[in-house]
Every structure is written in structure tokens, then in C-alpha cells.
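Overview (structure and organization)
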Amino acid sequence: DPAAPLLRGQIPTRGFSYGVTVRDGIAYVADGSAGLQLFDVSVPESPRPYGDGAATAGLAYDVVVTGNIALVSDPIGGLFAFDLADPNSPRQLSQITTPGSPSGVWLEGARLFVADGPAGLTIVDVSNPAAPRVIGNAVPSSGAQTTAVQVDSGYAYLSDFFQGLAVFDVRRPAAPNTLAASLPLPGEARDAVMAAGRLYVAAGEAGLLVFDASNPRAVIARGALDTEGSA
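Notes on the structure follow. (Residues numbered from 1 in each chain as written. Predicted model: local features only at pLDDT ≥ 70, side-chain atom pairs only at ≥ 80, totals over all residues. Heavy atoms only, no water.)

Some thoughts on the nonpolar core
Put simply, the rule is: Definition of nonpolar core: a set of buried residues of the types Ala, Val, Leu, Ile, Met, Phe, Trp, Tyr and Cys, connected through side-chain atoms within 4.5 Å. Throughout this description, buried means an accessible area under 20% of the type-specific maximum (1.4 Å probe, protein chains only), exposed means over 50%, and partly exposed covers the range between. Numbering of helices and strands runs from the N terminus, with a helix taken as a DSSP run of H or I at least four residues long and a strand as a DSSP run of E at least two residues long. For this analysis, residues touch if any pair of their heavy atoms sits within 4.5 Å.
If you look at the biggest cluster of nonpolar residues, it comprises 18 residues, and the most contacted ones within it are Tyr-157, Val-167, Leu-199, Val-201 and Phe-211. At the level of elements, β14 (155-160), β15 (164-169), β16 (178-183), β17 (191-195), β18 (198-202) and β19 (208-212) are the ones that each hand at least two residues to this core. Setting aside residues no more than four positions away along its own chain, Val-201 makes contact with Leu-185, Ala-189, Asp-191, Ala-192, Gly-207, Leu-208, Leu-209 and Phe-211. Counting residues in hydrophobic clusters, the runner-up holds 15 residues, among them Tyr-28, Ala-30, Leu-38 and Ala-70.

So, in C-alpha cells, the structure goes:
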């Protein structure tokens, strides 16, 4: 019942939980200074940790999982790939730096789209997790401090803390420099989610903003909700 969400269980983490992905009863948590942490959440009322997790270089911020591989962003240390064949003992496969400071990540096939802070959007080929490589980069013309990214139908939607929302055509990943749209917001863009042609933006003090993004080159504001806190 969305009108009355019910807390089923909780567990403290050793760091600050920035990002989480859940798959097959396991929660993969980008846990800030505690790195990547794994939790068994198959029984929601009694989640339990797997092992000691895996350290990143500074501040684990976001995580995506494909097969037995976890890809973790760290604004200080770059991008990390971990082998999760044994959830109790993740094994680091690689670490690479990006042009900026990676925060939010989005995986499409073998390409990792990275909200790369001052470097805007960075695209990484992760077909070989042990040897990922940067294949594309683009910065919004107005500058950037990107924090989150989502890709839908060949377009990347970037939340930019200072500049608002930027939309890139990424159908040619090696040349994502075609700016399809740039949209200033009344608050700082912290995250954005696309669903059925609508873009929902968490915009800090401005609350929740809703846009019609059925045409990525002409994103249109449709509504807003001033939330009680900072969305």
C-alpha cells in the first residue's frame, strides 16, 4: 500500500549508504568509507551481512551488478570491479581512474555510463571487467558537477548539481558530445528517474519535478511537488 509503507527490517552499516542494488535476495551497498558491503535480505525482517565486504580507495558512492561482477564508483579512487563468486569474500578485478570524480553509474550491456562530476559524462567499456577502458566523454557546455545518470533509448539524462539537467545523445558512445537538451532547474538536481516517457527529478529544496521527456530534444516541465525536506 503506497499510502502506508511498512518498515519490514533494517540493519546498520559501517559507513554511509550512498547507493544500493538488490538482486536475488542480496543487497549490494556502496557504503562510503566502508567500501562495497553485501547483505542477505532474502528475509526482510532479519537482514544479515556477508563477510567484511571490499574496500575502495576512498568513498564508495554507487554500485551496479551484472552476473557475478559488481562495478562500484568512488569519487576519490575511480571505478572498481569486483568478482562476487564468493559473496563472503569479494575479489577486486580492476581499478581505473576517469577524467573526473565518478558518482552515479548506469549499466547498458557492456557499457558503463558514469556521472563523472566536473567531467560530465564518461562512458566506459566493461566487456572485460578486469581491464575496463574509457571510450567516450562529454561535458555540458555550461560546465558540470554531475551526480547521477540514467540511459533510456539512446539518450543519457544527467543530473547536474549546479547546472540542472543535461541530455546527451549516446547512440555513438565514442562521441557523446551532441547535447540534445539542457534544462536549468529551480533547485540542485540530485537524481533523475525515467519511466514511460516521464522524467522525475529530485531537485533538492525545489522538491520533486516532473517532465515530459518523450522527445529528448524538447523536455517539457509538467509538474512539481514541494517536499518537506531536500529531495
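Description of the pattern of salt bridges
Counted only if it meets this: In the sections that follow, a salt bridge refers to a side-chain nitrogen of Lys or Arg positioned within 4 Å of a carboxyl oxygen of Asp or Glu.
For the structure shown, the criterion picks out eight salt bridges. Two residues, Arg-48 and Asp-40, come together in a salt bridge whose shortest N-O distance is 3.2 Å. With a relative accessible area of 42%, Arg-48 lands in the partly exposed category. When its relative accessible area of 12% is taken as the criterion, Asp-40 is described as buried. Among the ionic pairs, Asp-169 bridges to Arg-171, the shortest N-O distance being 2.5 Å. Put simply, Asp-169, Arg-171 and Arg-217 are held in one network by salt bridges that share partners.

Section: the pairing of strand β20 (residues 220-225)
Here is the rule: For two strands to be treated as a pair, DSSP must find at least two bridges joining them.
Taken across its six residues, β20 has zero buried, putting it largely on the surface. In the sheet, β19 pairs with β20 via five bridges, with the strands oriented antiparallel. Bridge pairing links Leu-208 to Leu-225 in β20.

Quick look at the pairing of strand β5 (residues 62-66)
For β5, a buried count of four out of five residues is recorded, marking the element as mostly surrounded by other parts of the structure. Bridge count for β5 against strand β6 (residues 69-74) is five bridges, and the pairing is antiparallel. The residue bridging Thr-66 from the neighbouring strand is Ile-69, located in β6. Linking β5 back to β6 in an antiparallel pair, the connection comprises two residues, with Gly-67 at a positive phi of about 60°.

As for the side chain of Thr-122
Put simply, the rule is: Think of a polar contact as two N or O atoms within 3.5 Å of one another; within protein, one of them needs to be a possible hydrogen donor and the other a possible acceptor, and neighboring residues in sequence only count if both atoms come from side chains.
By secondary structure assignment, the location of Thr-122 is in strand β11 (residues 121-125). A distance of 2.7 Å separates the side chain of Thr-122 from the side chain of Asp-116, its partner in a polar contact. One polar contact links Thr-122 to Asn-137, side chain to side chain, over a distance of 2.8 Å. With near-sequence residues (within four places) excluded, Thr-122 lies in contact with Thr-98, Pro-99, Leu-112, Phe-113, Val-114, Asp-116, Val-134, Gly-136 and Asn-137.

Things to note about the side chain of Thr-21
The residue Thr-21 is located in strand β1 (residues 19-23) in this model. The buried category is assigned to Thr-21, whose relative accessible area is 18%. A distance of 2.7 Å separates the side chain of Thr-21 from the backbone oxygen of Val-63, its partner in a polar contact. Thr-21 has contacts with Ile-26, Ala-27, Tyr-28, Val-63, Val-64 and Val-65, leaving out every residue within four places of it along the chain.

So, the sheet that holds β18
Filter applied, for reference: Axis definition: a line fitted to C-alpha atoms, over the contacting stretch in the case of helices. Angles run 0 to 180 degrees between N-to-C directions.
Spatial ordering of the open sheet is given by β17-β18-β19-β20, a layout of four strands whose pairing is antiparallel. Of all the strands in the sheet, just β17 and β20 have a single pairing partner and so form its edges. Mean inter-strand twist for the sheet, computed between neighbouring axes without regard to direction, equals 20°. Judged from the five bridges that link them, β17 and β18 form a sheet pairing that is antiparallel. Counterpart to Val-193 in the pairing with β18 is Tyr-200.

Remember that the coordinates give geometry; whether it matters functionally is a separate question.
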